[in-house]
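Coordinates in review
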Amino acid sequence: MSDAILKVRDLKRDYVTKGGMFTPPRVLHAVKGVSFDVERGSTLAVVGESGCGKSTLARMLTMIDAPTSGSIEIDGAPIDINAGKVTREMRQAVQIVFQNPYGSLNPRQKIGAVLEEPLLLNTSTPAAERRDLAMAMLEKVGLKPEHYGRYPHMFSGGQRQRVAIARAIMLKPKLLVLDEPVSALDLSVQAQILNLLADLQDEFNLTYVFISHDLSVVRYIADQVMVMYFGEAVEYGTRDAVFDNPQHDYTKTLFAATPRADVASIKARLAAKSAA
Amino acid sequence: MSLLQIRNLRVEFDTAAGPFRALDGVDYTVEAGEVLAIVGESGSGKSVAMLAMMGLLPDSATVTADEMSFEGVDLRSLSTAQRRKVIGKDISMIFQEPIASLNPCFTVGFQLLETLKAHTDLNRRQRRDRVIELLTAVGIPEPERRVNAFPHQMSGGQCQRVMIAIATACHPKLLIADEPTTALDVTIQKQILDLLTGLQRDHGMGLIMITHDMGVVAETADRVVVQYQGKQMETADVLTLFEAPEHPYTRALLSALPENATGDRLPTVSDYTEAFAREQTEART
């Protein structure tokens, strides 16, 4: 019996662009029917180029957008925001971390307030307790208590991403959707954030849906991989199956495009260059 | 004679908290037809060095160097007008964010024509033809139609191609690419890198690649400079650097690549820099 926390079946999302006086409205199929399961405590990586529907998928999973058709089930409970039957508890179960840590924090809000806001809005935790929880969370994500009263502009990109992650797990969600969380960061900072995510997953038994276009990161973090291309899931399987034996042409193109940093491929490139 | 020779470059910024040294004695040499990669994390002074060389830093910066010459001409002694003749023609630069570095109010064709008008004596028709030729060379489909497109009508990859077309319009001898692919997808990144190295090979340009991505370095560079906090850590040719990195910081950068992860955790650069700092203090005592 598999313990799937997230079940998605034949999920579709269309966007209708408004037509003009003489142009008929056009329908853009952003996500054309994807299905997948994510096990509790595991990581599903969604890979694809920009415009392939990765972020639309993230918006549907986090109940920001309603799907056109198909079903999402989180921890056994079906989610349907069209029917308006989404409770607070359901929304708390899923949180999201966005790509750009510079844009996703309010510049006029202190870090303490950023972390306390989810509690303030969703729970009746008293102020003193909220403060303690926020302090504890700061330490958990590798920041210091003195950062509590600072503003986002006083932090580096990596630190801001830590704050965004801390905010997302304040409500102890079951599922965390990470929309390209490290692609705006330097290599060295990226490694720190990936380590932090791995630690948090162990500690809280979190489930991740990790959206990325960087295959080397995906290979490091994912248990399952889904490759999307023009709104369709062209490849879906365990990490080893997808990486060792890619089936679809697009997956192969992606692998070919990923820069190789091993000595053998540098030698091959230099040899090709001197021969030319 | 090297194409570009910079020795002992220092840059200081005046800040409210006193002078801040962004670059502390770095050296670069680029030969004609060579690809030099400058690697480092943000704040390591990669971009500042190139901006200092081109004279594009704000007034609050003080630039000093023992030598800073391009084709034997001392860049420090040039007047603004003379410098402007060199920059944009013989030395040109591509910036990180393609969409932000094009002017949103003008068509891409106009922005290309502007460069040609400033630096060449082609007439109107020749300029127009050259624009189409350049857009074709960088792989923009339907160039005749796309010259009239505005930057917002193009994708990030296409805007970066237009930037490359502008930068290579006057056959520069040295092209500086400042994180040219950081904002782009891997498939587009591959296309842009192939385009850059192709142009570099065809025209025998010198190319300086500024990046923090070791993968990009491995795919393009001949020689690599590793920088950390405004200091030069290591200079080596690309094979030596990847095979036998000398400096602990370089080793740290290489091991932070996710594909080199051995255990459950990725080694981070700070693990190494702390160890490195300890080593140094121990050596002193």
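Data block above holds the structure.
These lines cover the structure that appears in this document, whether it is placed above or below.

What counts and what doesn't
Residues numbered from 1 in each chain as written. Chains lettered and ligands numbered in written order. Predicted model: local features only at pLDDT ≥ 70, side-chain atom pairs only at ≥ 80, totals over all residues. Heavy atoms only, no water. Pairing = 2+ DSSP bridges. Helix = DSSP H or I, 4+ residues; strand = E, 2+ residues; numbered from the N terminus. Axes fitted to C-alpha atoms, helices over the stretch in contact; angles between N-to-C directions. Contact = heavy atoms within 4.5 Å. Salt bridge = Lys/Arg side-chain N within 4 Å of Asp/Glu carboxyl O.

Next up on the list: the sheet that holds strand S10 (residues 223-228) of chain B. Residue and element names in this part refer to chain B. Taken together, the six strands give an open sheet; going across it, the order is S7-S8-S9-S3-S10-S11, and neighbouring strands pair in mixed fashion. Both edges of this open sheet fall to strand S7 (91-94) and strand S11 (231-237), since each of them pairs with a single strand only. With direction set aside, neighbouring strand axes in the sheet form an average angle of 15°. Alignment of strand S8 (residues 174-178) against strand S9 (residues 206-211), held across five bridges, turns out to be parallel. Paired with Leu-174 across the two strands is Gly-206, which belongs to S9. Along the sheet, helix H7 (residues 156-167) contacts S7 and S8; its crossing angle with S7, the most-contacted strand, is approximately 175°.

Enumeration over the complete set of coordinates arrives at 23 salt bridges over all chains. Where Arg-130 of chain A meets Glu-116 of chain A, a salt bridge forms, and the shortest distance between an N and an O atom there is 3.8 Å. Taken as a pair, Arg-130 of chain A in helix H4 (residues 127-140) and Glu-116 of chain A in helix H3 (residues 111-122) lie far apart in primary sequence, 14 residues in all. Salt-bridge contacts for Glu-142 of chain B lead to Arg-145 of chain B; the nearest nitrogen and oxygen are separated by 3.1 Å. Ionic contacts of the salt-bridge type, sharing partners, join the residues Asp-3, Arg-40, Asp-75 and Lys-174 of chain A into one network.

What follows deals with the sheet that holds strand S8 (residues 207-212) of chain A. Residues and elements named next belong to chain A. Across the sheet, which stays open at both edges, the six strands sit in the order S6-S7-S8-S3-S9-S10 with mixed pairing between neighbours. Since the sheet does not close on itself, it has two edges, and those belong to strand S6 (94-97) and strand S10 (232-238), each with one partner. Strand-to-strand twist of the sheet, defined as the mean angle between neighbouring strand axes without regard to direction, takes the value 15°. When strand S7 (residues 175-179) meets S8, the two strands line up parallel, connected through five bridges. Bridging across to S8, Val-177 finds its partner in Val-209. In the packing of helix H5 (residues 157-169) onto the sheet, contacts are made with S6 and S7, and the angle to S6 comes to roughly 175°. Its contacts with the sheet put helix H9 (residues 249-257) on strand S3 (43-47), strand S9 (224-229) and S10, and the angle it makes with S9 is roughly 105°.

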